[in-house]
Amino acid sequence: MKRRDAIATLAAVPAAGQDLVATHPEAVAQPALHFFNAAEMAALKQLAAQVVPALDGRPGAVEAGAPEFLDFLLSRSPAADQQLYRQGLAAKPALDLLSQPWTYAEPKQLAPRFLRRLKEDLLRATFNSREWTATRRGAGVGYYWKAFD
Amino acid sequence: MAKTFPVLIVGSGAAGGMAAATLTRLGIECCILEAGPMADIEKQRELRPVHDLPFRGFGTPGRFPHVTQASEFDENMWADERENPYSHPKDDPYYWVRIRMAGGRMNRWGRASWRLSDLEFKAADHDGFGENWPVSYADLAPFYDRVEPVFKVQGRNEGIPQLPDGKLIPDESPDSPANRRFIDAATRRGIRITKPRRSTGTLASSLNLLLPDAIATGKLTIVPNAIAREVTLDPKTGLVNGISFIDRKSKRDYWVGGRVVMLGASTLESSRLLLNSKSPRWPQGLGNASGTLGRYLFDQIYVKNVVQAIVPEARVSRGQKGVTGGAGYICRFRNLKPGQKENGFLRGYTYDFGSGGGPNPRYIPHYGAALLKELADLQSASFSLTTMGEVLPRAENRVTIDPVLKDAWGIPALHIEHRYTANEHAMAKDSMEVASELCREAGFEILEAHAQMVPPGESIHELGTCRMGADPKKSMLNQWNQSHEIKNLFVTDGSSFVSGGAQNPTLTILALTLRASEYLAEKMKHGEL
């Protein structure tokens, strides 16, 4: 493209009703780590692949970027949540603990408490991902209230 | 120069909106002071996919520790807890859930629209606990009749004494086979069940159903972002004469005059305002001769998903369709006879139930492919119930002004003390047992059952603290929601309740306000106020 054509393209005002095409960063870029170190992220990804695997043409937690998203979420979360994840990953819990029946009372021990939280967070982060909602038409759309002045 | 309005109204939700709509319709000029901003619903919200939200629907971490109802889609609606703090005893958490915008919590309510009956209005006669309301069902029925059509309440009239019939859009939806089995199990025990009763329409709020008509009369002024600080008193007459308020954005102080003041700021905000409106004449809060201002705080117990079950025939692998779907409501069935105290508790509880969709994955004791396959198989098989129960009003459950804590505008904050007692715990346990038995009789498989109530306040049905009563020594307001002590002061929101039953309170707030507003208009017409 000639230089003057490129400038003309950039300066062009879209016609009425024509939207500018915007690309979300997640589609093209690798998110940086905010909270976990490399070893912790590797451990989290390994767990994520086992707890919520890809299945029947739908993405699993890893394909949906859930570990990276949880890294970002936890970087903003209260200290108690951060501690649960850090200590839970370090404990290398056995996933068979997730086969115990769910009870309303939260487990007192770290491993089952962490795994319970991890399972809920991974599922939610996966089901609410761009990759997952692309496989289910109309999924995950709601009315968003903008901030007031 | 401050203007003096005939009626000053605080709040624009159910109570404030209904007061404005009624008084302006009757030719009375009003001014609403609304603590939050105005909202153009069309401009303030837009459809977005969850994956475009910054936190994928999880919500801003730590933003609302006490608002479990907030989602990332609506978190900008809820009152910021850092700007609007409150305190509670360390071991007795209270969840105070607020929206500060025109229309208030009516912009987000669950729309359940039930009438109270004389089981509630005359509860003290029924079981000897507490006080009666100074009104009966017969007094309020004509006003329920007029409110229900405005809010297009849909439901079913069934002639159930503890749940009076209404002016309803008939719900003739059929029951799914799973729901039918459950209903039959309950009916065999003499438990009455009906369809939900809900206000319908795109937005069932004062913002679209009450305020527009009031504005159209030309007699309503709305001042948004006006945080009421104090109701002021004329020391010569002993009557209220206006309200001091602070502009939310500039933090500048103002005062506006009113011949009558009507509070509809919501239960705890109205009582907070009265408690903060101290004077030499009213050192314990405005109009508080009885000492009851702030006391007898109650709400309704909620046991969310008291039972989570699955309907086996609704598994995808069973190949049957249309087994589940729809919702219902179980009416109070405990302690219907006078003087009863079944299973160690007074009063009673109700349930919302529904089937369809899948259970929350947390209930499924699997992970990996086994979990995902089970979730897919159960995607239409869920059946669950939530308990809602009456809380006894007790003097020791109360709000006072915190001696130190203030909000972002320098207004003293509330200290909230509310503990559930043996009565509520026994009720929750009974509700779990009955729900479990009914589910088993209906042939459902129970995944989990529990009796854990949500913390006080989380129901968003906080009531009392400025109660009505026939005796001025035991109450703040008379049968017209008028202060016993200050005749030009009215309070019509949930703070005026004497008891609350298990039914959602909004319809009663609307009916009470309509009634009180027409009484006020009549008095003003005859020059008595």
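Heads up: the structure comes first, above all this text.
Residues numbered from 1 in each chain as written. Chains lettered and ligands numbered in written order. Predicted model: local features only at pLDDT ≥ 70, side-chain atom pairs only at ≥ 80, totals over all residues. Heavy atoms only, no water.

S.K.: Whenever I open this one, the overall build of chain A confuses me. Can you help?
M.R.: A tally of helices and strands in chain A yields 7 helices and 1 strand. Listed N to C, the secondary structure of chain A is α-α-α-α-α-α-α-β in terms of helices and strands. Taken over 149 residues, chain A has a buried fraction of 36%. In chain A, the share of contacts with a sequence separation of at least 24, taken over all contacts with a separation of at least 6, comes to 60%. Accessible area for chain A stands at about 9200 Å²; split by element, carbon and sulfur atoms hold 54% of it. (Helix = DSSP H or I, 4+ residues; strand = E, 2+ residues; numbered from the N terminus. Buried < 20%, exposed > 50% of the residue type's maximum accessible area, 1.4 Å probe, protein only. Contact = heavy atoms within 4.5 Å. Areas by Shrake-Rupley, 256 points an atom, 1.4 Å probe, with all protein chains shown as cover.)

S.K.: Would you mind going over the sheet that holds strand β7 (residues 198–199) of chain B with me for this structure?
M.R.: Across a sheet, paired strands are connected by hydrogen bonds in the backbone, their directions being either parallel or antiparallel. Residue and element names in this part refer to chain B. Read from one edge of the open sheet, 3 strands run β5-β4-β7, paired in mixed fashion. The open sheet terminates on both sides in strands that have one partner only, identified here as β5 (169–170) and β7. As judged from the 2 bridges shared by strand β4 (residues 153–155) and β5, these two strands associate in the parallel manner. What sits directly across from G155, in β5, is P170. (Pairing = 2+ DSSP bridges.)

S.K.: I tried to follow a nonpolar patch on the surface on my own but got confused; where do I start?
M.R.: Residues V141 and Y143 of chain A together with L47 of chain B make up a contiguous nonpolar surface patch of roughly 300 Å² in combined accessible area. Note that L47 of chain B resides in strand β3 (residues 45–49). (Patch = residues over 30% accessible without salt bridge, like charges linked within 9 Å, V, L, I, M, F, W, Y side chains within 5 Å. Salt bridge = Lys/Arg side-chain N within 4 Å of Asp/Glu carboxyl O.)

S.K.: What is the right way to read the nonpolar core from this model?
M.R.: F151, F182, I330 and L385 of chain B are the most contacted members of the largest nonpolar core, which totals 139 residues. V7, A39, L211 and F490 of chain B belong to the second largest nonpolar core, which has 34 residues in total. (Core = buried A, V, L, I, M, F, W, Y, C linked by side-chain atoms within 4.5 Å.)

S.K.: Teacher, can you tell me more about helix α11 (residues 422–441) of chain B here?
M.R.: The α-helix advances 3.6 residues per turn, and as a result positions three or four apart in sequence lie on the same side. Residues and elements named next belong to chain B. An ideal rise of 1.5 Å per residue puts 28 Å on 20 residues; α11 measures up with 29 Å between its terminal C-alpha atoms. Within the span of α11, buried status applies to N423, E424, M427, A428, D430, S431, V434, A435, S436, L438 and C439. Here the buried face of α11 lies against α6 (177–188), β12 (300–310), β13 (327–330), β14 (349–355), β15 (382–390) and β18 (445–449). Just downstream of α11 lies G443, where phi reads positive at about 85°. (Expected span 1.5 Å × (residues − 1).)

S.K.: Which parts of the structure should I look at to understand unusual backbone geometry?
M.R.: Trans is the prevailing form of peptide bonds, just as negative phi is the prevailing case for residues other than glycine. Here D56 of chain A, not a glycine, exhibits a phi torsion of approximately 50°, which is positive. Residue N481 of chain B is not a glycine yet carries a positive backbone phi of 65°. With respect to the element layout, N481 of chain B can be found in the loop between β18 and β19 (489–491).

S.K.: Honestly, the packing of aromatic side chains in this entry has me stumped. Any pointers?
M.R.: Scanning the model with the defined rule gives 26 aromatic pairs over all chains in all. Between F72 of chain A and F55 of chain B the ring centres are 5.2 Å apart and the planes differ by 5°, which places this aromatic pair in the stacked class. One end of the pair, F72 of chain A, is in helix α4 (residues 66–75); the other, F55 of chain B, is in the loop between β3 and α3 (118–121), on a second chain. Judged by centre distance (5.8 Å) and plane angle (25°), the rings of F353 of chain B and F383 of chain B are stacked. Highlighted residues: F353 of chain B in strand β14 and F383 of chain B in strand β15, separated in sequence by 30 residues. There is no split in this pair, since F353 of chain B and F383 of chain B are both buried. Grouped by ring-pair contacts, the aromatic residues F35, F36, Y85 and F114 of chain A constitute a single cluster. A cation over a ring is seen here: R98 of chain B above W96 of chain B, with NZ or CZ 4.0 Å from the ring centre. (Phe/Tyr/Trp six-rings, centres within 6.5 Å; stacked < 30°, edge-to-face > 60°. Lys NZ or Arg CZ within 6 Å of the ring centre and 35° of its normal.)

S.K.: Help me out: how do you make sense of the pattern of salt bridges in this one?
M.R.: Going through the model one piece at a time under the given rule, you end up with 41 salt bridges over all chains. The salt bridge involving D52 of chain B is made with R130 of chain A; its shortest N-O contact spans 3.2 Å. Residue D52 of chain B is found in the loop between β3 and α3, and its partner R130 of chain A is found in helix α7 (residues 130–133); the two belong to separate chains. For R100 of chain B, the salt bridge goes to E269 of chain B, with nearest N and O atoms at 3.0 Å. A residue pair is termed long-range when its members are at least 10 positions apart, and R100 of chain B in the loop between β3 and α3 and E269 of chain B in helix α9 (residues 267–276) qualify at 169 residues. In this structure, R100 of chain B and E269 of chain B share a single accessibility class: buried. Connected through shared salt-bridge partners, R100, E269, R272 and D407 of chain B make up one network.

S.K.: Even after reading the chapter, I still don't get the interface of chain A and chain B, so can you show me in this structure?
M.R.: Size of an interface, as often reported, equals the accessible area lost when the parts are brought together. Contacts between the two partners involve 47 residues from chain A and, on the opposite side, 47 residues from chain B. With both chains or domains summed, chain A and chain B bury close to 4600 Å², and 64% of this area falls on carbon and sulfur atoms. It is W102, Y144 and W145 of chain A that lose the most area in chain A upon contact with chain B, and together they represent 20% of the buried surface on that side. Counting every contact that joins chain A to chain B gives 3 salt bridges. Where chain A packs against chain B, one counts 23 residue pairs in polar contact (both at pLDDT 80 or more). Residue assignment for the side of chain A that touches chain B shows that the elements contributing at least two residues are α3 (38–51), α4, α6 (110–127), α7 and β1 (141–145) of chain A. Element by element, the count of residues in the side of chain A that touches chain B is highest for α6 of chain A, at 7 residues. Its residues assigned to classes, the side of chain A that touches chain B comprises 25 nonpolar, 12 polar and 10 charged. By the bridge criterion, 5 bridges tie β1 of chain A to β3 of chain B in an arrangement that is antiparallel. What sits directly across from Y144 of chain A, in β3 of chain B, is E46 of chain B. (Buried area = accessible area lost by both parts, 1.4 Å probe. Polar contact = N/O pair within 3.5 Å; in protein donor to acceptor, adjacent residues only side chain to side chain. Nonpolar A, V, L, I, M, F, W, Y, C, P; charged D, E, K, R; others polar.)

S.K.: What am I meant to see in the environment of R192 of chain B here?
M.R.: All names here are of chain B. Its place among the elements puts R192 in the loop between α6 and β6 (193–194). Expressed as a C-alpha distance, the spacing of R192 and D145, which sit 47 residues apart in the sequence, is 23 Å. Those residues in contact with R192, other than ones at most four positions away along the chain, are E158, G159, I160, Y329, I330 and C331.

S.K.: Is there a simple way to think about the packing of helix α5 (residues 137–150) of chain B against helix α12 (residues 506–525) of chain B in this case?
M.R.: Any two packed helices are characterised by how steeply their axes cross, that is the angle between the axes, and by the distance between the axes. All names here are of chain B. Two numbers describe how α5 lies on α12: the axes approach to 8 Å, and their chain directions differ by 110°. As judged from the angle between their axes, α5 and α12 are roughly perpendicular. When α5 is examined against α12, the residues D139, L140, F143, Y144, R146, V147 and E148 are found in contact with a partner set consisting of L507, T508, L510, A511, L512, L514, R515 and E518. Residues belonging to the contact of α5 with α12 are distributed by class as follows: 9 nonpolar, 1 polar and 5 charged. (Axes fitted to C-alpha atoms, helices over the stretch in contact; angles between N-to-C directions. Parallel < 35°, antiparallel > 145°, perpendicular 65-115°, else oblique.)

Don't take any of this as a statement about function, it's just geometry.
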